[in-house]
Amino acid sequence: MSVNTRLLSDPYSSLNTSQCNNQDVYDFNFVQVTSLAWFNKFLIWEGGIAFNVVYWSIVLLFSFAVIHFLRWKFRWRFLTRRFDGQVEPCTKRSSSWGLSIDEELVGKDGATYLWFQVRQMIAYTWILMISIVLIVVHRYGDKQGLVKTLNSTTLYNIGVNGIHCVFCLTVLVILDREMYKHGRHRGIRSFASPSIADRVCNRRWLMIGGLPRSVTVDSLFDYLKNRFDSKGIGRENIHFVYDLNRLWPVKENLKWLREIKRTLLTTGPQQIQNRFWECFSTKEAAGTDVRSPGSDDALQFYSQMEKTLLAKRDDMMNNLKFVGLAFIGFDCPTEAKATKSGVKRLQRSTWFGKDKEGGDREFRPSMWTIGYAPPGSQINWPKLQQRRPLWKKLAISLAMMVIYFGYIAVMAAPGYIVQSFQLVGEGSDEISLTWQLLILPSLASFFTRRLTDFVTKIGQYRHQTTLSSIELGKLHSICHLSAVLYLIRMMAMKPLPLVFSGQFHIRDIRWKCLFFPEHGSFLSCAIIVNTASGVLMNHARLEFLISYLLKWITSQSEAEHAVWRQNYRLSFDFTSNYAELTTNFGLTMLIFIIFPVLGVISWICSIVRFLSDRAAMMDMYAVSQTSPELHRQPVNMALTLVIFSPLVLLGYRIIQLGPNTVRHLVESTFLAPLCVAILYALYLIHAFVRFHWPKFALLRRLFGCIDDDVDDEESDTVDSPSLIQHEYDPLAEIRKEETSHMTV
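Keep in mind the model is a prediction, meaning the values are calculated, not measured.

What follows is about the overall build of the chain. Looking only at helices and strands, one finds 24 helices and 5 strands in the chain. Within the chain, the fraction of its 744 residues that count as buried is 50%. In the chain, once contacts between residues fewer than 6 apart in sequence are set aside, the share between residues at least 24 apart is 81%. As displayed, the chain has an accessible area near 37700 Å², and 62% of this comes from carbon and sulfur atoms.

Taken as a whole, this structure holds 4 cavities of 30 Å³ or more when the rule is applied. Volume-wise, the largest cavity comes out at about 110 Å³. What lines the largest cavity is Gln117, Gln120, Met121, Tyr124, Ile527, Thr531, Leu581, Asn584, Ser602, Cys605, Ser606 and Arg609. Secondary structure elements with two or more residues in the lining of the largest cavity: helix 4 (103-139), helix 15 (519-540), helix 18 (574-591) and helix 19 (597-619). The residue inventory of the lining of the largest cavity, partitioned by class, reads 5 nonpolar, 6 polar and 1 charged.

Glancing now at the pattern of salt bridges. The final tally for this structure, using the stated rule, is 14 salt bridges. Between Arg313 and Asp314 there is a salt bridge, with its nearest N and O atoms 3.2 Å apart. Arg609 serves as the salt-bridge partner of Glu580, at 2.9 Å between the closest nitrogen and oxygen. Residue Glu580 is located in helix 18, and its partner Arg609 is located in helix 19; the two are separated by 29 residues in the primary sequence. For the pair shown, Glu580 and Arg609 are each scored as buried. Salt bridges sharing common partners tie together Arg119, Arg177 and Glu178.

Grouped together as the largest cluster of nonpolar side chains are 93 residues, with contacts concentrated most on Tyr113, Leu175, Leu523 and Val642. In terms of residue count, helix 4 provides more of this core than any other element does, 14 residues in total. In contact with Leu523, other than residues within four places in its own chain, are Tyr486, Met490, Leu587, Leu590, Ile591 and Leu598. Residues Leu264, Met316, Leu384 and Val563 belong to the second largest nonpolar core, which totals 29 residues.

Our next topic: the pairing of strand 3 (residues 322-330). Counting buried positions along strand 3 yields 9 of 9 residues, so the element is predominantly enclosed. Sheet topology places strand 1 (residues 199-209) next to strand 3; 5 bridges connect them, and they run antiparallel. Residue Leu206 lies in a different strand from strand 3, and its bridge partner there is Ile328. With 6 bridges connecting them, strand 2 (residues 233-242) and strand 3 associate as antiparallel partners. The partner of Val241 across the bridge, within strand 3, is Leu325.

Moving on to the packing of aromatic side chains. Counted by the stated rule, this structure contains 23 aromatic pairs. Seen in terms of ring centroids, Phe572 and Phe574 are 5.3 Å apart; in terms of plane orientation they differ by 70°. Their pairing is edge-to-face. Each member of the pair, Phe572 together with Phe574, is buried. Put simply, the rings of Tyr113, Phe116, Phe572, Phe574, Tyr578 and Tyr621 touch in pairs and so form one group of aromatic residues. The side chain of Arg189 reaches across the aromatic face of Phe691, ending 4.4 Å from its centre.

About the cut-offs
Throughout this description, residue numbers start from 1 for each chain and increase along the sequence as written. Per-residue local features of the predicted model are confined to residues with pLDDT of at least 70, and side-chain atom pairs are confined, for both listing and counting, to 80 or more; whole-chain, interface and lining totals are unaffected and use all residues. Excluded from the side-chain calculations are hydrogens and water; all other atoms, namely the structure's heavy atoms, are used. Helix numbering and strand numbering both begin at the N terminus, where a helix is a DSSP run of H or I of at least 4 residues and a strand a DSSP run of E of at least 2. Burial status follows relative accessibility: with a 1.4 Å probe on protein chains alone, a residue under 20% of its type maximum counts as buried, one over 50% as exposed, and anything between as partly exposed. Pairs of residues are marked as contacts when any of their non-hydrogen atoms sit within 4.5 Å. Working definition of accessibility: Shrake-Rupley area with a 1.4 Å probe, residue cover restricted to the visible protein chains. For cavity detection a 1 Å grid was placed over the protein atoms alone, and a set of points counts as a cavity when a 1.4 Å probe fits there but cannot get out; an open set counts as a pocket when protein lies on both sides within 12 Å along at least five of seven lines, with lining residues being those that have an atom within 4 Å of a point. Grid points are joined across faces, edges and corners, and a volume is the space filled by probe spheres set on the points. The nonpolar class holds Ala, Val, Leu, Ile, Met, Phe, Trp, Tyr, Cys and Pro. Asp, Glu, Lys and Arg form the charged class, and all remaining residues, Gly among them, are polar. Any Lys or Arg side-chain nitrogen located within 4 Å of an Asp or Glu carboxyl oxygen qualifies as a salt bridge. Working definition of a nonpolar core: buried Ala, Val, Leu, Ile, Met, Phe, Trp, Tyr and Cys residues. They are joined through side-chain atoms within 4.5 Å. Strand pairing is assigned whenever DSSP identifies at least 2 bridges connecting the two strands. Two aromatic rings, drawn from Phe, Tyr or Trp (for Trp, its six-membered ring), form a pair once their centres lie within 6.5 Å of each other, and the interplanar angle then sorts them: stacked below 30 degrees, edge-to-face above 60, tilted otherwise. By definition, being over a ring means that NZ of Lys or CZ of Arg is both within 6 Å of the ring centre and within 35 degrees of the ring normal.

Here it is as structure tokens:
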């Protein structure tokens, strides 16, 4: 049965990407590593997809087999216990099948994370069906030759036509529908569900920043009463925030030492042992009497350490510096809202921040940042510091740029780094093959994840007042670094490390290379490796093992080690896992229309990842918590990343036509992806405006949507009143803990 391919193929020739390079040559090269021809072909078949599937499947199966054998044979606690920071371990095990989620075991945030994966799997299922149709359609083309290979299933075999644009719109509609359901089900305000309020705050408390250093509690109280007629406020409910960056570790260490002392009182006397630093010192010195490590009484040793820390803590508390931030409590939310609205009206009436009245010139209300206080548990107290000078901010930004560029340069061509350390075996013996084919890829994946985790944690050194800002900063860092890294590896014609020797220029990056046919296999392998390494890292408990070994080496008594084991809490890293899910989804949206096999691989990987994460969260990790903002951001990013598909089609057509693009503007093969891309952009603009509409106060007043007396930032706010004593006064909480300890 013959098929008229003119109905499917466009009349233009395919892109000429002969000058582009397969970036795998800058990675681990497995070409001709053995004398077996069939094995060499298997390693490089279709860009290594088959090899990565088989290799990582064997690694995962072997790892899980070893873990289950150790559980059954030795009953080791680090493999059987769920580390939730409680003395009595949780013994309940998961019994969920299919897509069911036990919210009691994983917690509210864990269930929200897993339901996000379920919604993604539904979208991936539709992408799978679209990919199967595209594979069949692409195979009827003949631009890649008459011999049918994996490249025959790609867009390059027929070119762009209307069916690709229809499928792009289908993915957008499906994803928007699923994310809308996710938002309504889990109470998440996003681009798809902007009418849901999820910004949690305490409306009885205001957080005011930008206060002058000379302000006192009494002067601020009098100013608010006289200037804004604030009611329901008392001096005892005005809490100034001080720089606790150095005090906070001392507080935690004191709490730790006292827990160890309580354990010693119940277990009996112990001796100091395992002094790690004394292992490197001489046992005897001329003219001195050095005691052995086991001669010290543990209780006396920790008591002396406690006394030293107490003196240090008291000295710090007497020399704290005000950071210009205050929390002010009111009797009811209405009174807090009235003061907040009064300050904002004054700020709107003050031009260029010039305070005219005498009191205003002293307190500078035009420079204040005022809003409802977030929950105390979300405040990053150690990082509430004085504002850094401009040169420090610039230095931190410059250091982060240098580190990020170094990370991208290294990860863009890891083969150069591995070869420079002579880590790639060139022999064909069994040891060299085992190292090069089995051990080296696993080690590279492990160190890649560790390096990424280290680099993305640098953002916490910025001035971030809440824990959610730290999580969002890490999420954005991972996603943005991954995006830049993959784009460079796809568009660069030379390895990026050559920039240090002056051999890499801007002209060596070309948009045409984004459509190099081999990149479909490259991204498929990347998603396979990301999924497999993520599953392995979540189940291997390497974080616990490393912490356990370090504590075993450095602990100074059995009681210290026992307290650490009892209080150790293994929390699930929502930030990194959300970043991996978002990155994989972005890679799929980037190229699945061109390389539909990627849609099949992404669907399988999404199922494997969901089953793995659900099992890990139910059986291994403690019930973990995170902020609503972190659940919201991946939804918004997924909806934004869908625009990649029509943009890639449009870019392919523009590069394909070249200088003749203007003459073909009215052709359907050009107008179709252009109209779809414009429709996508309009959807995103509309969703962005609806989502941020409560913040557009000036625009809303201009159109008469709100009055000046109406609070314009509460439509997305959820009130979370707290009865926790000293929630916004950490110094009072420290004094309370000290009083309780003295009475005991």
